[in-house]
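# Topology and contacts: notes
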Amino acid sequence: MSRMLLCTLLTGALLVPGAQAAPRVGSHDGFTRVVFDLPASAKSSVKVQGQSITVQLNVSLKAEQGPLNASGVTAYAVAGKTVTVTLARGHTQAKASVLPASGSQNARLVIDVPTSAAASKVPATPNSQGTRTPVAVARPASTAPAPAAKPAVRPRVVLDAGHGGKDPGAQSPWTSEEEVTLDIALRTRAELVKHGVDVVMVRESDRHLSVNKSQDLEARSRLAKNGTVSAFVSIHVNAAGPGAQGIETFYFGQPMAGRNRSLAVQENGGGTVGEALTRQASTSAQNMLGDILAQAKIAFSRDLAHKVQSRLIAATGAVNRGVQTDAFYVISNPTTPAILVEVGFGSSPVEGPKLAQAAYRERISQALARAILDFLNTK
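Residues numbered from 1 in each chain as written. Predicted model: local features only at pLDDT ≥ 70, side-chain atom pairs only at ≥ 80, totals over all residues. Heavy atoms only, no water.

Naming follows an unreviewed UniProt entry, where the protein appears as Putative N-acetylmuramoyl-L-alanine amidase of Deinococcus deserti.

Another point: the overall build of the protein. Looking only at helices and strands, one finds eight helices and 13 strands in the protein. Counting the 379 residues in the protein, one finds 53% classified as buried. Sequence separation of at least 24 residues holds for 73% of the intrachain contacts in the protein that already meet a minimum separation of 6. Counting every atom, the protein has about 16300 Å² of accessible surface; 55% of that belongs to carbon and sulfur. (Helix = DSSP H or I, 4+ residues; strand = E, 2+ residues; numbered from the N terminus. Buried < 20%, exposed > 50% of the residue type's maximum accessible area, 1.4 Å probe, protein only. Contact = heavy atoms within 4.5 Å. Areas by Shrake-Rupley, 256 points an atom, 1.4 Å probe, with all protein chains shown as cover.)

This part covers the sheet that holds strand E2 (residues 31-38). If you walk across this open sheet you meet the four strands as E1-E2-E7-E6, and the pairing is antiparallel. Because the sheet does not close on itself, it has two edges, and the strands there are strand E1 (24-28) and strand E6 (95-99). Mean inter-strand twist for the sheet, computed between neighbouring axes without regard to direction, equals 20 degrees. Bridge analysis of E1 against E2 gives five bridges, and the strand direction is antiparallel. Bridge pairing in E2 links serine 27 to threonine 32. (Pairing = 2+ DSSP bridges. Axes fitted to C-alpha atoms, helices over the stretch in contact; angles between N-to-C directions.)

To continue, consider the sheet that holds strand E4 (residues 52-70). The strand order across the open sheet formed by three strands is E3-E4-E5, and the pairing between neighbours is antiparallel. Looking along the sheet, the strands with just one partner apiece sit at the ends: strand E3 (44-49) and strand E5 (73-87). On average, each strand axis in the sheet is inclined to that of its neighbour by 30 degrees, with strand direction left out of account. Two strands pair when backbone bridges link them, and E4 and E5 are joined in this way by eleven bridges, in the antiparallel orientation. Residue pairing in the sheet places threonine 54 in a bridge with threonine 84 of E5.

The final tally for this structure, using the stated rule, is 13 salt bridges. Notably, a salt bridge pairs arginine 156 with aspartate 198, separated by 2.9 Å at the nearest N-O pair. Taken as a pair, arginine 156 in strand E8 (residues 156-161) and aspartate 198 in strand E9 (residues 198-201) lie far apart in primary sequence, 42 residues in all. The class of aspartate 198 is partly exposed, set by a relative accessible area of 24%. Put simply, aspartate 183 and arginine 361 hold a salt bridge, and the shortest N to O gap is 2.5 Å. One end of the pair, aspartate 183, is in helix H2 (residues 177-194); the other, arginine 361, is in helix H8 (residues 358-376), and 178 residues separate them in sequence. Like aspartate 183, the residue arginine 361 is buried in the burial classification. (Salt bridge = Lys/Arg side-chain N within 4 Å of Asp/Glu carboxyl O.)

On to the packing of aromatic side chains, then. Counted under the stated rule, the structure contains one aromatic pair. Geometrically, the ring pair formed by phenylalanine 36 and tyrosine 76 is edge-to-face, given 6.0 Å between the ring centres and 65 degrees between the ring planes. One end of the pair, phenylalanine 36, is in strand E2; the other, tyrosine 76, is in strand E5, with 40 residues separating them in the sequence. Across the pair, exposure class does not vary: phenylalanine 36 and tyrosine 76 are buried alike. (Phe/Tyr/Trp six-rings, centres within 6.5 Å; stacked < 30°, edge-to-face > 60°.)

The next thing to look at is the confidence of the model for the protein. Averaged over every residue, the pLDDT of the protein is 75; the share at 70 or more is 68%. Between the elements of the protein, mean pLDDT differs from a low of 32, seen in helix H1 (residues 3-13), to a high of 97, seen in helix H7 (residues 351-355). The low-confidence segment residues 1-19 (pLDDT under 50) makes 33 contacts with residues lying over four places distant or belonging to another chain. Here residues 117-143 is modelled with pLDDT under 50, and outside its nearest four sequence neighbours on either side it reaches 49 contacts, counting other chains as well. (pLDDT = per-residue confidence, 0-100.)

On to H8, then. Under the 1.5 Å per step criterion, the end-to-end length of H8 is 27 Å for 19 residues, consistent within 8% with the ideal 27 Å. Immediately downstream of H8, the backbone of asparagine 377 shows phi near 60 degrees, a positive value. (Expected span 1.5 Å × (residues − 1).)

Quick look at the environment of alanine 240 now. Following the sequence through the fold, alanine 240 ends up in the loop between strand E10 (231-238) and strand E11 (247-252). It is 8.6 Å that separates the C-alpha atoms of alanine 240 and glycine 346, two residues lying 106 residues apart in sequence. Once residues within four sequence positions are removed from consideration, alanine 240 is found in contact with Phe345 and Ser347.

Put into structure tokens, the structure is as follows:
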């Protein structure tokens, strides 16, 4: 790869979310959906030729390319106004449309690749003018026998209820972090399962994965590598002085300028263990600046973090502490979109009593689930 292309890819991966070119990929019942965020509303023309679908836009995206690990697709490439998705062997149809920006969602290009015969008959997604214009291009019938339909792959999400077992997390007169995070994770799982999402729970009871904190965090992070995982979400409760309030969501990276490092140290185990793991994670964050695939993962993580933060603030009315980066060990996995969300301050005389209420935790869980579904492009 040329040095110029490498610089182009790295620079593009660090731009704002609305301009990123790397797609989100979701496996659904009968089709795989590939979604590219667009910098503005756009028009498109589509053709299927050979073993690929090519979309010509009237806006330019960053130059980028990479593999796609989902049924029906194998790779993507973006070059200026041209987006190409390579279809897997035996897949000969695809549908594409451009959706305008709506609410907190960017304008986006949606490409659906049928993975079953029934799905290939579904009309295209509404285009930017609101009409339903099918853009599927059927290939000539082959004399070879049709390949057997593959079973639908459900999107998979890992939910990590922070702390547990020997490490109860932050304690206050109103809440215990390990109890609040587990309840929210279980409620979030229940909602995601209703929408066909496969959910892996890091823990379903008051337990740890290892008495050694570094091994415990490594085991949690490692769950994001088992099979094809679409997202990893670690849930925590914050603690500080009585005046501190609000919700904040993190994706992995160096801490923002001027930020106190105590939160990362605390969530990484506290004390000398937390200090050591935070230094290790910070080194990883620095090294990832030179890794194109890691930067693509960070771009997805940032997108997920913004969706989660927006939904949680809208549902709770809590103080918006924003989306930030920090060196949390549990979300340092370089292959899966991963975030850590602090759902409020258990130490706050305002938020602590709220977090102790089942109804408030249900509101958090519903908002968290909806944000994940938005990220997966699942209704």
